[in-house]
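Examining the three-dimensional arrangement
Residue strings, one per chain:
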Amino acid sequence: MLNTRRLSSRELTHYYLERSEKLQPKLNGYISITQEQALETAAQVDQLCSQGQELGTLAGIPGAIKDNISTQGVPTTCASRVLAEYIPPFDATVVKKLAHSPMLGKASLDEFAMGTGNLTSAFGPVRNPWDLERVPGGSSGGSAALVAAGCAPFSLGSDTGGSIRQPASYCGVTGLKPTYGRVSRNGLIAFASSLDQIGPFAWTIEDCALVLQAICGHDPGDATSAAVDVPDFTAYLHNDVSGLRIGLPQETFSNCPHPDTAKVVLRAAGELEKAGAELSWVSMPYEKEVMAAYILVATAEASSNLARFDGVNFGYRGAGENLEEMYTSSRRFGNEVSRRLVMGTFALSQKQCGECYELGQRARQLVDSHLGNIFQQVDVLLLPTAPSPAYKLDEGQDPLTAYYNDIYTIPANLAGLPAASLPCGESEGLPIGMQLMAPKFREDLLLRVGYTWQCCSDWHLRRPQEVE
Amino acid sequence: MLISNKGIEETAKLAKLALSDKQLNALGDQLQEILEFAQVLGDLPLAHIQPMAGVYRENGNGTEDKARLSQAQVLALAPDSRQGMIRVPRVMDQC
């Protein structure tokens, strides 16, 4: 409609801004809404289009950006008191790549992307549009909720242990974590540098493919950015899984604590089999070990990354008679971040546990090798995204239980694999997502299976009534 | 006991975190539980497995070492600055 000028970017952006403002009190999905900037970008795009300029596919399509992704001149808080007033002097690479997409606002998240429910933001929790008394998932809860509620046609999130896929599952939208290195991390405020990846949320896998196309690509400004060609992702959007080998992890389905989740995801697998895919059981036995490896590796890296927030160069500075006092008074993180930083510092400290981090790294290698072996037998893995649907805001999960919400998503981060969550059913009105995992740089397989699934199902077309 | 209260205090100090007694006590129980859980890794055959630091890193060539922000931009971010320098409380206790 934008291309045929039946609708201008300004009109479209105005619509989403209005809806965002209307639902913000209910959802608290944004940390900041950037109305003026969004309309300015929209007006610029309309002008350029009217002059006949060819712009990218997403030009004029507004979106929301997770608030741990740097945006020049716009506060980037990481949902933390430590960065409440921080205004980056530069745009993240992904933001530059989306320069013609009006930015509706900065989406809320768990503080410093650490969490599984978007409960730890210093600016209040986000609510799930399907049930306002439940979490949207985390840490990209804001990004997921905004798309689910129709406040943004797409959003960007980041995924370190499942922080795109799990909230996508909880909110009944599609979310995709690319292969590690596909998307530049330049400008993403780091949580765990060897695990973090930026990726899209949208209603459909097709829209995710369009956003992925826009944000991918080698970036010399990110030393971990992969120098691999970016294919035309839309070319893989075929309704065809004939002969594709889909693996179902036996232990995951057997041990899934929520019976509906396992049932619904297996039913979806059955539909893909009817569509021509070949299903087989595979073994992925390392559930607890995967979690333990992740805890050691991610918290250790977080401890190192968050050391920069010391009140010296930027961010909040607390009072102090001397430097030491200034450091400790400046580092006013919430409980979850503090817990992970102590855990991570412990894992790295020679006196306390000299081998902890290395143990986590060895376990990580084991997981990577095991998954590599599995992908000799199958093309794609299919499993639940999360052990259960969204939990209640006041459930008060203890830390280990909360970490378990990511049990099925973590392996893809440890091995750097691409993975996506797509809506595939529901339980008592709450969405359930199925996760697809593929070998490195095989986003094409995710797109092919995901597209086929969304051609033969309609879960991605359902909308939450709570926010109608 | 995989981590003592003293160990937590020392670790928090290393992490430059000022935690209240209440927070330290709560952390003690939580970290104990997490560390006990992490002991499952001891049952894995990891002795001959190389640690995996990351998925991969490209050829190791660094980026050119040049400033990407101006001094003015950097100072604009600093909580306290004077005469082109970032100002912090005294480093040494006695001068």
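First, a word on what this report is: a plain description of the structure on this page. (Residues numbered from 1 in each chain as written. Chains lettered and ligands numbered in written order. Predicted model: local features only at pLDDT ≥ 70, side-chain atom pairs only at ≥ 80, totals over all residues.)

1. Digging into the overall build of chain A
- Across its full length, chain A carries 16 helices and eleven strands.
- The C-alpha atoms of chain A give 21 Å as radius of gyration, which agrees with the globular expectation for 468 residues (23 Å, within 12%).
- The C-alpha extent of chain A, read off along each of the three principal axes, is 70 × 60 × 45 Å.
- A burial count over chain A gives 62% of its 468 residues as buried.
- Pairs at least 24 residues apart make up 75% of the contacts formed inside chain A by residues separated by at least 6 positions. (Helix = DSSP H or I, 4+ residues; strand = E, 2+ residues; numbered from the N terminus. Rg over C-alpha atoms; globule rule 2.2 N^0.38 Å. Buried ≥ 20, exposed ≤ 12 C-beta atoms within 10 Å, placed from the backbone. Contact = placed C-beta atoms within 7 Å.)

2. Considerations on the sheet that holds strand E10 (residues 419–427) of chain A
All names here are of chain A.
- Across the sheet, which stays open at both edges, the eleven strands sit in the order E1-E3-E2-E4-E6-E5-E10-E11-E9-E7-E8 with mixed pairing between neighbours. If you trace the sheet from one side to the other, it starts and ends with strand E1 (30–33) and strand E8 (278–282), each paired once. Adjacent strand axes in the sheet meet at a mean angle of 30° when their direction is disregarded.
- Summarising the sheet, strand E7 (residues 245–249) and E8 pair through five bridges and their orientation is parallel. (Pairing = 2+ DSSP bridges. Axes fitted to C-alpha atoms, helices over the stretch in contact; angles between N-to-C directions.)

3. With respect to helix H1 (residues 5–14) of chain B
All names here are of chain B.
- The complete set of buried residues in H1 reads Ile8, Thr11 and Ala12. Burial along H1 is one-sided: seen end-on, the buried residues are contained in an arc of 100°.
- Lys16 sits one or two positions beyond H1 and adopts a positive phi of about 55°. (Arc of directions from axis to C-beta.)

4. A few points about the pairing of strand E6 (residues 197–202) of chain A
Residue and element names in this part refer to chain A.
- In terms of residue burial, E6 counts as a mostly covered element, since six of its six residues are buried.
- Looking at chain direction, strand E5 (residues 174–177) and E6 are connected through two bridges and run antiparallel. Counterpart to Gly175 in the pairing with E6 is Phe201.

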